[in-house]
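A closer look at the structure
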Amino acid sequence: MKHHLFALTILALISPAYADNSALNAMINKDFSAGFILPYGLVKSQSTVNFTVGGLIDGFAQLAYQCETNQLSLNFVAINGKHYYPNQKNEYAPPQNIASTRATKLLQSPEIQAACQSRPDYRLAGKVVIDINSLKPAKNFHENAVEATIFHPQASVLRDIPYNNPYEFKAEKLIVACDRQQSVIVQGYDVYRNQVSDVGFLLLMQPYPLAQNVLAAVCQPNVAKKLPKYTFPEQWQPEPAIEAPQLSEDLKKLVAPYQIGTPKYTVHKITVSGKNVYKNKSEPFSTTIHIQATDTPNIFYINEKSSYTHAAFTFLGWVELSSYTDFLLNNISYDSDILMKYQQSAIWQNAPVGTAFEYQTNVTNATTMFGLKEIKREYDCKITQELPAKKLHQNIKGQAKEIQCHYRGDEYRRLLTGYYLMDYHYYVELRHSPNEFYYSDVQITEFE
C-alpha cells in the first residue's frame, strides 16, 4: 500500500444526484428561444456550433447545432451550479436530438449564422490547435484584443470529473491583448465528438499565460498561416483499458533478487485511523486493508475500501506490482498500474539501523482522466530506529523498523515515515511530514 494511500483521499466523493423534477423537466423541455447566447459562449468544432444559452430563469443550457444537417442537440442543462444531462442525472449521458424549432430565434442569430458560414482553418502551434478563421476582434476588452478558441487534442478518449464525461479535446475561450502579450480565460470546455460534454470557468476572466508561438499565431495572421495544418483524426484512440490487478511471472521476477525467505507470522487485516490535512483543512481518515498471502512468499494481495476502492499485488507492502483504484466508487475516475522495473540498492529488510538506501520504480499507469503514461520515481530512504512492534499496536509481535523516505521529485521534500514489521515481512506507511499542501498522520488501530 506504499505511497498510494493518502494521496487518494484528497479526491472528494462525488455521487450522481437529482435536481427538483419539476425544474429539471421545465429546463429540458424549454423553448430555448426565450433565452440568449451568452457572451463568448460559442465554440465551433468542425461543422458543429456549440453555444451556451442563458436567461432561462432556472439556469442555462448547453446546445449543439450541426450546420450541415440542421440538427439541434441538447447536451446538458445547469441548475443550481450542477449539470444535468438528458438522462436527468448529473452524470454524463449522450446528447439528445431536439427539434430545431425550440431554438429558432437563436439559430437565426448573427452569431450562429456567422459561425456556420465560417470555414475552419485549423493550424497546429506546438501542441495547441487554433482555428485561425475563428479569430476576431474583442474591442469591448481592449483596442487590440482578439477573441480566440484554442484546442488541446488528447492522445485518446479521456473522462473528467465530476460528471464522468468523455472528451477528446480540452478547449478554452480566450481574450488576448496582443500589444500587451497577455491573455485571460473566459470559459473552458471538454469536447467529445465535436460537441461540448462539459463547460467550466464560466466568465472566469483569470490570467492565462500562453506560449510565445501561440501568442504569435493568435496576434499575427501572417505567422498563423505558415503553421502546419491540423486534421482531425478519422478514428480516435479508445479509452485506455483499466484492468484488475494480475500477478504474472514477469512481475515476480522483478522482486525475486530482494526476497528474504518466509515470514514468521501472517497478517490478515490492518486498520489505520487518524487525520489528513489538505491545504490546512484537517479531515478524519480511516481505512482497512485486507491482506491475503499468495503462493509466492512476501507477495500479498491487498484490498481496501473507504472513500475509494483499491486492490493490488504488493511486495512486502512496500511496492505494488500491479494495482487497480476506483477513486470515487462509481467508476467516474479510476486507474491501474503495472510495475515495469524495480531496483533497490540494499536488502534493507535485514539491514541495521542507520542504513541508507535508495530504490527506483518504473510504472505504466492507465487512467480515465489522463490516459496512458509512464511514471518513473526515485526515493532516498534511511532506517532510523528499531522498536518493539507492540508500540505500534498491542497485537503486533516482534520488532519493527522505522524507515523514512523522500521522493526526489517532491517539491515539498516530504518525509514519508513507515514501519516494517519484521516478523510479518510487511510495511505500513503512517505519516507524511507537514507541508503547506498536504500531509497525514495516522496510527494502526486494528491488527489481525
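Below: a short report on this structure. (Residues numbered from 1 in each chain as written. Predicted model: local features only at pLDDT ≥ 70, side-chain atom pairs only at ≥ 80, totals over all residues. Heavy atoms only, no water.)

1. Considering the overall build of the protein chain
Secondary structure assignment for the protein chain yields six helices and 26 strands. For the protein chain, with 448 residues in total, the buried portion stands at 51%. Within the protein chain, counting contacts between residues at least 6 apart in sequence, those at least 24 apart form 54% of the total. (Helix = DSSP H or I, 4+ residues; strand = E, 2+ residues; numbered from the N terminus. Buried < 20%, exposed > 50% of the residue type's maximum accessible area, 1.4 Å probe, protein only. Contact = heavy atoms within 4.5 Å.)

2. Examining the pattern of salt bridges
One pass over the structure, following the stated rule, counts 16 salt bridges. Between Asp 380 and Arg 408 there is a salt bridge whose closest N-O contact spans 2.8 Å. Here Asp 380 is found in strand E22 (residues 371–388), whereas its partner Arg 408 is found in the loop between strand E23 (399–407) and strand E24 (416–421), with 28 residues between them in sequence. Residue Asp 380 is classed as partly exposed on the basis of its relative accessible area of 25%. The exposure class of Arg 408 is partly exposed, given its relative accessible area of 36%. Salt bridges sharing partners connect three or more residues here, namely Glu 358, Glu 378, Asp 380 and Arg 408. (Salt bridge = Lys/Arg side-chain N within 4 Å of Asp/Glu carboxyl O.)

3. A closer look at the pairing of strand E17 (residues 299–305)
Each regular strand shows side chains that alternate between the opposite faces of the sheet. Two strands pair when backbone bridges link them, and strand E16 (residues 281–293) and E17 are joined in this way by five bridges, in the antiparallel orientation. Within the sheet, the bridge partner assigned to Ile 289 lies in E17 and is Glu 304. Counted between consecutive antiparallel strands, the loop separating E16 from E17 contains five residues, among which Asn 298 sits at a positive phi close to 75 degrees. (Pairing = 2+ DSSP bridges.)

4. Digging into the state of the cysteines
This model, assessed by the stated rule, comprises three disulfides. Between the sulfur atoms of Cys 67 and its disulfide partner Cys 116 the distance amounts to 2.0 Å. Disulfide Cys 67 to Cys 116: torsion about the S-S bond roughly -75 degrees, handedness left-handed. Of this pair, Cys 67 sits in the loop between strand E3 (59–66) and strand E4 (71–79) while Cys 116 sits in helix H3 (residues 110–117), and the two are 49 residues apart along the sequence. When its relative accessible area of 23% is taken as the criterion, Cys 116 is described as partly exposed. Here Cys 381 connects covalently by a disulfide to Cys 405, the sulfurs 2.2 Å from one another. Measuring the twist about the S-S bond at about 110 degrees, one finds the Cys 381-Cys 405 disulfide to be right-handed. Placement of the pair is Cys 381 in strand E22 and Cys 405 in strand E23, with a sequence separation of 24 residues. In terms of burial, Cys 381 and Cys 405 fall into one category: buried. Listing the disulfide partners of the protein chain by sequence rank of the bonded cysteines yields 1-2, 3-4, 5-6. (Disulfide = S-S within 2.5 Å.)

5. A few points about the packing of aromatic side chains
Overall, the coordinates contain 23 aromatic pairs when judged by the stated rule. Centroid distance Tyr 122 to Phe 232: 4.9 Å. Interplanar angle 70 degrees. Geometry classified as edge-to-face. Separated by 110 residues along the polypeptide, Tyr 122 in strand E7 (residues 122–125) and Phe 232 in the loop between helix H5 (221–224) and helix H6 (249–255) bring together distant segments of the chain. Neither Tyr 122 nor Phe 232 differs from the other in exposure class; each is buried. (Phe/Tyr/Trp six-rings, centres within 6.5 Å; stacked < 30°, edge-to-face > 60°.)

6. Considering the pairing of strand E12 (residues 182–192)
The buried fraction of E12 is high, at eight of eleven residues. Pairing of strand E11 (residues 165–177) with E12 involves nine bridges; the strand directions are antiparallel. Across the sheet, the residue bridging to Lys 170 is Asp 190, located in E12. The hairpin turn running from E11 into E12, its antiparallel successor, is four residues long, and Gln 181 in that turn takes a positive phi close to 60 degrees. Here E12 pairs with strand E14 (residues 206–207) via two bridges, running antiparallel. Within E14, the residue paired with Ile 185 across the bridge is Gln 206. In the sheet, E12 pairs with strand E13 (residues 195–200) via five bridges, with the strands oriented antiparallel. When the sheet's bridge partners are listed, Asp 190 is paired in E13 with Asp 198.

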